[in-house]
Every structure is written in structure tokens, then in C-alpha cells.
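Breakdown of the fold
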Amino acid sequence: MGLEVLVYVPNIIGYIRVLLLLSATWFFDNPLLFIPCYVSSVILDGVDGYAARKLKQVSEFGAWFDVVIDILGRGILWSILFRWGYFIAALEWCVFVCTHNSLGADWKNKFGSSPWWVQRVMANDPTSFKP
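The structure presented is a predicted model; accordingly, all values stated were derived computationally and were not measured.

A closer look at the pattern of salt bridges
As enumerated under the stated definition, the model contains five salt bridges in all. The closest approach of N and O atoms between D70 and R17, which form a salt bridge, is 2.7 Å. Pair noted here: D70 is in helix α3 (residues 60-81) and R17 is in helix α1 (residues 9-26), with a separation of 53 residues, a long-range link. Note on D70: relative accessible area 16%, which makes it buried. Using a relative accessible area of 2% as the deciding quantity, one classes R17 as buried. Between E92 and R74 there is a salt bridge, with its nearest N and O atoms 2.3 Å apart. Note that E92 is positioned in helix α4 (residues 85-103) and R74 in helix α3, a separation of 18 residues in sequence. Among the charged side chains, a network of salt bridges with common partners joins R17, D45, D48, D66 and D70.

Digging into the packing of aromatic side chains
Counting across every chain of the model gives nine aromatic pairs. For the pair Y15 and F65, a centre-to-centre distance of 5.4 Å together with 55 degrees between the ring planes defines the contact as tilted. With a gap of 50 residues between them, Y15 in helix α1 and F65 in helix α3 connect regions that are remote in the sequence. Taken together, a centroid distance of 5.8 Å and an interplanar angle of 45 degrees make the contact between W78 and W84 tilted. Here W78 falls in the partly exposed class, since its relative accessible area comes to 29%.

Here's the deal with the confidence of the model for the protein chain
Counting all residues, the mean pLDDT for the protein chain is 84, and 82% of those residues have values of 70 or more. Element-level mean pLDDT values for the protein chain span from 68 in helix α5 (residues 116-122) up to 96 in α1.

A short note on the environment of W93
Among the structural elements, W93 can be located in helix α4. Sequence separation between W93 and L72 is 21 residues; the distance between their C-alpha atoms is 8.9 Å. Excluding residues that lie within four positions of it along the chain, W93 makes contacts with V68, I71 and L72.

Cut-offs used in this document
- Residues numbered from 1 in each chain as written.
- Predicted model: local features only at pLDDT ≥ 70, side-chain atom pairs only at ≥ 80, totals over all residues.
- Heavy atoms only, no water.
- Salt bridge = Lys/Arg side-chain N within 4 Å of Asp/Glu carboxyl O.
- Helix = DSSP H or I, 4+ residues; strand = E, 2+ residues; numbered from the N terminus.
- Buried < 20%, exposed > 50% of the residue type's maximum accessible area, 1.4 Å probe, protein only.
- Phe/Tyr/Trp six-rings, centres within 6.5 Å; stacked < 30°, edge-to-face > 60°.
- pLDDT = per-residue confidence, 0-100.
- Contact = heavy atoms within 4.5 Å.

This is how it looks when you write it as C-alpha cells:
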């Protein structure tokens, strides 16, 4: 992996998501600023994956970075909303480290023996939910 992966469009979107999450944390007491920052980060979560596939800029770093940002966003919410939120956030980090370490960057494709709904979610294919 060369350093060019750091400037792939999906990863730049990831950097923007981190800034939005940090802003959302800063503005948590102001719903008019918190909600747009947090929701924009969530929306961009779908955009970065689409961009990676469309621009053929899929990378191990991008897959890892995307999940790290997702966990960061949920961890921020858990930690702000609940006194014990740090515990839940820490559990999620532990699960991430264990699964990513044992399954690698291809972890989303390792759910063949999971329930049908988990397989469809992890397939990252919106057409799989059509009847």
C-alpha cells in the first residue's frame, strides 16, 4: 500500500466524517448544530463506500478506516448519552480489534453461516432487500 491511498476520494470523505463527528461532539448541547453534523456523517458513510467501488479506490486502509469512523461515531453517542456508555464503546472496540485481526479486511464476506438477514446486510447490496 502506497501513500496515495491516503488521498483516495473515499478516504477524504472519511476525514470529513471525522471532522463532522468531532463537531457534533462539540455541539452536542445545541441540537441545531449537533443533528446536521451527525446526520451528515452518517449519510457520508454510505457515500464513501459507493465512491470506493465506483472509482475503483477500494483499499484495506479504507475498509479499516471506515469501520473505525463508524465505531468512533457510535462511541461518541454512547459516551455522551449514558454514564456507562464508555463501557459499551470499549466493548465495540474490543470486538472490532478481534474480528479485524482474525478475519482481516475481508471480514464483511465471512458471514456465510450467519442468518439470512445478516448475510444480506453484510452483502452491502441494496437490491438484496427487494422482495
